[in-house]
Amino acid sequence: MKKWIDNIRRVEPYVPGEQPSDADVIKLNTNENPYPPAPEVLETAKNTDMGLLRLYPDPTASKLTDALADMHGVKSAQIFPGVGSDDVLSMIFLTFFNSDKPVLFPDITYSFYSVWADVYRIPYERPALDCDFRIRARDYYRENGGVVIANPNAPTSIYEGLDFIEDILRHNGDSVVVVDEAYIDFAEGPSALELLPEYDNLIVVRTFSKSRSMAGLRIGYAVAGEELIKALNDVKYSVNSYTLNRPSIELGAVAARCGDYYDGITRKVVATRERAAKELEKLGFECLPSGANFLFARHGKVSGRQIFGELREAGIYVRHFDAPRIDDFLRITVGTDEQMDRLIDFLKRYS
Ligand code: PMP
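Residues numbered from 1 in each chain as written. Predicted model: local features only at pLDDT ≥ 70, side-chain atom pairs only at ≥ 80, totals over all residues. Heavy atoms only, no water.

1. Brief notes about the pairing of strand 10 (residues 294–299)
Our working definition: Buried means the residue's accessible area, taken with a 1.4 Å probe over protein chains only, is under 20% of the maximum for its type, while exposed means over 50%, and partly exposed covers the values in between. For helices the rule is a DSSP run of H or I covering at least 4 residues; for strands it is a run of E covering at least 2, with both sets numbered from the N terminus onward. Strand pairing requires that DSSP identify at least two bridges connecting the strands.
Buried residues dominate strand 10, accounting for five of its six residues. Of the strand pairs in this sheet, strand 9 (residues 285–287) and strand 10 are connected by three bridges, and their pairing is antiparallel. Following the sheet pairing, E286 is matched in strand 10 by R298. Remark: six residues form the turn of the hairpin made by strand 9 and strand 10, two consecutive strands paired antiparallel. Of the pairings in the sheet, the one linking strand 10 to strand 12 (residues 329–333) comprises five bridges and is antiparallel in character. Bridge pairing in strand 12 places F296 opposite R331.

What follows is the structure, encoded as structure tokens:
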């Protein structure tokens, strides 16, 4: 017998959204941005000297870190960049959740959290969302090994205000509280970044995959007090020192300085979202109130699984989760107006 089989670390992996090779698919399944990166980013990409790829990148990614620090009005020592926010969150789980007490995150949230907890053998508990799919702050008032809140939450799309986040922080002075703000730019409300000066146990996670239209480059980062960032760097340099590649550092730094362009496309996505939600409601769907670049919608009569399958056959990809309480929902990324019209036209058959 192969004895080594007993020593394999068994994990149930996260299942990423499909990336079809067929360009004709209307791709509304992974919350990418339907608009291209800023023109300055594309121009820089054209002029980038690929000959330099023979050299390792800057392990501190200082060009990008400095640009992000400027963008948020914090010190560079308060930024920890990574290969998408998945890499940053994974490092956060490894660095800060090193206790026997359970880490707390909602039962319905970004499904990667429980995967990282499992792979790193971190105990966790998942308080249930309430009947409106909202997080109950009081579930996070107890002793724990850390707290992770996605705000807006995924896949529910619901945004909670700063009072809610501060309430959780006030009750968790002894834990690191992570606020995953992957979708915050699409929300009508402030970011937990505003709370950083008051809470040295708060860490805010951001990504360039959604509102900065750069999912393909894999850029994410955490913003926190210097003490937390130093701890993250110590662990990172114990795993892999060269995380971000050269093009990501260069182009990410440019994107960080193109705020006006990205504000413009974000407004377009939000306007399309609001219009699409109204149209879907006319067709008998219920959409949870969205502060993100996607809608979480269910039909009153037809199952989520059925609509998902029929959409897929028609070349319209959305996301469906086979999980209790949400298996009748579809998570629909907000695309261009034209893409949403194609989706809505197809869904008219269910009205
Ligand atoms: N957090 C949440 C809540 C997400 O939905 C995603 C996207 N799958 C991520 C983090 C990771 O995004 P990325 O690694 O592309 O930055």
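2. Focus on the nonpolar core
To keep things clear, this is the line we draw: Definition of nonpolar core: a set of buried residues of the types Ala, Val, Leu, Ile, Met, Phe, Trp, Tyr and Cys, connected through side-chain atoms within 4.5 Å. Working rule for contacts: check all heavy atoms of both residues, and any pair within 4.5 Å makes them a contact.
Grouped together as the largest cluster of nonpolar side chains are 56 residues, with contacts concentrated most on F133, I165, I168, L202, F208 and Y262. At the level of elements, helix 2 (62–72), strand 5 (146–150), helix 5 (162–170), strand 6 (177–180), strand 7 (202–207), strand 8 (219–224), helix 7 (246–256) and helix 8 (259–282) are the ones that each hand at least two residues to this core. Those residues within four positions of F208 in sequence are excluded, and the remaining contacts are L68, M71, S213, M214, A215, I219, Y221, G252, A255 and A256. Listed in part, the 29 residues of the second largest apolar core include M91, F112, L232 and V235.

3. Concerning the pairing of strand 12
A large share of strand 12 lies buried, amounting to five of its five residues. Neither face of strand 12 is open: one carries F329, R331 and T333, the other L330 and I332, and all of them are buried.

4. Overview of the sheet that holds strand 2 (residues 79–83)
Read across the sheet, seven strands follow the order 2-8-7-6-5-3-4 without closing on themselves; strand pairing throughout is mixed. The strands lining the two open edges of the sheet, one partner per strand, are strand 2 and strand 4 (124–125). The pairing of strand 3 (residues 103–104) with strand 4 spans two bridges and is classified as parallel. Pairing of V103 across the sheet is with Y124, part of strand 4.

5. Some thoughts on the pattern of salt bridges
This is how the line gets drawn: Criterion for a salt bridge: a side-chain nitrogen of Lys or Arg within 4 Å of a carboxyl oxygen of Asp or Glu.
In this structure the tally under the stated criterion is 22 salt bridges. Two residues, D107 and R325, come together in a salt bridge whose shortest N-O distance is 3.6 Å. Of this pair, D107 sits in the loop between strand 3 and helix 4 (112–119) while R325 sits in the loop between strand 11 (316–317) and strand 12; the two residues are 218 residues apart in sequence, bridging distant segments of the chain. The exposure class of D107 is partly exposed, given its relative accessible area of 27%. R325 gets classed as partly exposed once you look at its relative accessible area, which sits at 35%. R298 is paired through a salt bridge with E286; the nearest N and O atoms lie 2.8 Å apart. Pair noted here: R298 is in strand 10 and E286 is in strand 9, with a separation of twelve residues, a long-range link.

6. Regarding the sheet that holds strand 10
This is how it is decided: What counts as an axis is a line fitted to C-alpha atoms, over the stretch in contact for a helix, and the angles between N-to-C directions run from 0 to 180 degrees.
As summarised here, the arrangement of the three strands in space is 9-10-12, forming an open sheet in which the pairing is antiparallel. Each end of this open sheet is capped by a strand with a single partner; those strands are strand 9 and strand 12. Ignoring which end each strand starts from, the neighbouring axes of this sheet average 35° apart. Against the sheet, helix 8 makes contact with strand 9, strand 10 and strand 12, and its axis sits at roughly 145° relative to strand 9, the strand it touches most.

7. Regarding the site of the ligand
The criterion, for reference: Note on definitions. A residue lies near a molecule or strand when any single heavy atom of the residue is within 4 Å of it. Definition of a polar contact: a pair of N or O atoms within 3.5 Å, with one able to donate and the other able to accept a hydrogen when the atoms are protein atoms, and with sequence-neighbouring residues admitted only if both atoms are side-chain atoms. Working definition of accessibility: Shrake-Rupley area with a 1.4 Å probe, residue cover restricted to the visible protein chains. Residues are grouped as follows: Ala, Val, Leu, Ile, Met, Phe, Trp, Tyr, Cys and Pro are nonpolar; Asp, Glu, Lys and Arg are charged; every other residue, Gly included, is polar.
Of all residues adjacent to the ligand, which total 13 residues, the nearest are S85, D180, Y183, T207 and S209. Between the ligand and Y110, the relevant distance is 3.2 Å, taken from a nitrogen atom to a side-chain nitrogen or oxygen of the residue. One nitrogen or oxygen atom from the side chain of Y183 is found 2.7 Å from an oxygen atom belonging to the ligand. Protein coverage of the free-state accessible area of the ligand, which is 400 Å², stands at 92%. Each residue belonging to the shell around the ligand can be placed in one class, and the counts come to five nonpolar, four polar and four charged.

8. Regarding the packing of aromatic side chains
The cut-off we apply is this: Here a Phe, Tyr or Trp ring, Trp counted by its six-membered ring, pairs with any other such ring whose centre lies within 6.5 Å, and the pair is stacked when the planes are under 30 degrees apart, edge-to-face when over 60, and tilted otherwise.
Enumeration over the complete set of coordinates arrives at 19 aromatic pairs. Measuring from ring centre to ring centre gives 6.2 Å for F93 and Y113, while their planes differ by 25°; the resulting arrangement is stacked. One end of the pair, F93, is in helix 3 (residues 84–96); the other, Y113, is in helix 4, with 20 residues separating them in the sequence. Among the residues examined, F93 registers a relative accessible area of 1% and is labelled buried.

9. Focus: the side chain of S248
Here S248 shows up in helix 7. For S248, a relative accessible area of 1% corresponds to the buried category. Ignoring sequence-local partners within four residues, the contact set of S248 consists of L217, I219 and A253.

10. As for helix 9 (residues 304–313)
Basically, it comes down to this: The arc in question is the one spanned by the directions pointing from the helix axis to the C-beta atoms.
The complete set of buried residues in helix 9 reads G304, I307 and L311. The buried residues of helix 9 occupy an angular sector of 70° when the element is viewed end-on, so they sit on one face. Each element contacted by the buried residues of helix 9 is listed here: strand 9, strand 10, strand 11, strand 12 and helix 10 (337–347). Of the residues flanking the end of helix 9, it is G315, one or two places downstream, whose phi is positive at about 80°.

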